[in-house]
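Understanding the architecture of this molecule
Now for the letters of each chain:
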Amino acid sequence: MHQFKIDVTLDASLSFVFAAFHEPEYLAEWFAPGDCVVTQVMSDFKEGGRYRVKMMEPNGAEMSLTGEYVTILANEQLAFSWAWEDDLEDSVMTSVDIHFEEIDEKNLRLVLVQSGFANKAECDQHNYAWMSCLEKLAVFASQKKAFS
């Protein structure tokens, strides 16, 4: 099985970034890679609760991501299962584990590990997509700061 790890520092408050990972109105702003956009977010944010995120590519193609929240420790850790509904990948189900660590009131460290990939190509593609999404999250956080 393959996995990747992303370790980044974000110029944002811990509470904002943690909320950005589960509040539908926040997820809609950043949780799709590249030029894709989020078109729908459904979330039952509790351990054992399920989520579903629909995304659309610029060409109109839609894709849906679904999973279950496994661990929720407010402002500390978030773990959930991850599966694409189209079944086009070899990896049927992977898992995401994110740790949040406050550096100071304006900065935080985020460590994300996604594991369970059947092959390196899928692993690398998801790593790239997460980096793209986290860049969008950083921009969203800076915009929220500018207007607050």
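Above this text sits the structure in question.
For the structure given in this document, a descriptive report is provided here. Remember, predicted model here, so these are calculated numbers, not experimental data.

The next subject is the environment of Gln143. Mapped onto the fold, Gln143 is located in helix H3 (residues 120–146). You can call Gln143 partly exposed: its relative accessible area is 41%.

Within this structure, the stated rule accounts for seven salt bridges. Across the salt bridge formed by Arg109 and Glu101, the nearest N and O atoms sit 3.5 Å from each other. Arg109 sits in the partly exposed class, given a relative accessible area of 31%. Because the salt bridges share partners, they merge into one network encompassing Asp7, Glu101 and Arg109.

One pass over the full model with this rule turns up 18 aromatic pairs. Geometrically, the ring pair formed by Trp82 and Trp84 is edge-to-face, given 5.8 Å between the ring centres and 90 degrees between the ring planes. The two residues Trp82 and Trp84 agree in class, both being buried. Taken together, the ring pairs in this structure connect Phe18, Phe21, Trp30, Phe31, Phe45, Tyr51, Tyr69, Phe80, Trp82, Trp84, Phe100 and Trp130 into an aromatic cluster.

Our focus in this paragraph is the sheet that holds strand E3 (residues 50–56). An order of E1-E7-E6-E5-E4-E3-E2 is seen for the seven strands of this open sheet, with the pairing classed as antiparallel. Looking along the sheet, the strands with just one partner apiece sit at the ends: strand E1 (2–10) and strand E2 (37–43). Averaged over all adjacent pairs, the angle separating strand axes in this sheet is 20 degrees, with direction ignored. As paired strands, E3 and strand E4 (residues 62–73) are joined by seven bridges and run antiparallel to one another. Within the sheet, the bridge partner assigned to Val53 lies in E4 and is Leu65.

Each value, and the rule that gives it
Residues numbered from 1 in each chain as written. Predicted model: local features only at pLDDT ≥ 70, side-chain atom pairs only at ≥ 80, totals over all residues. Heavy atoms only, no water. Helix = DSSP H or I, 4+ residues; strand = E, 2+ residues; numbered from the N terminus. Buried < 20%, exposed > 50% of the residue type's maximum accessible area, 1.4 Å probe, protein only. Salt bridge = Lys/Arg side-chain N within 4 Å of Asp/Glu carboxyl O. Phe/Tyr/Trp six-rings, centres within 6.5 Å; stacked < 30°, edge-to-face > 60°. Pairing = 2+ DSSP bridges. Axes fitted to C-alpha atoms, helices over the stretch in contact; angles between N-to-C directions.

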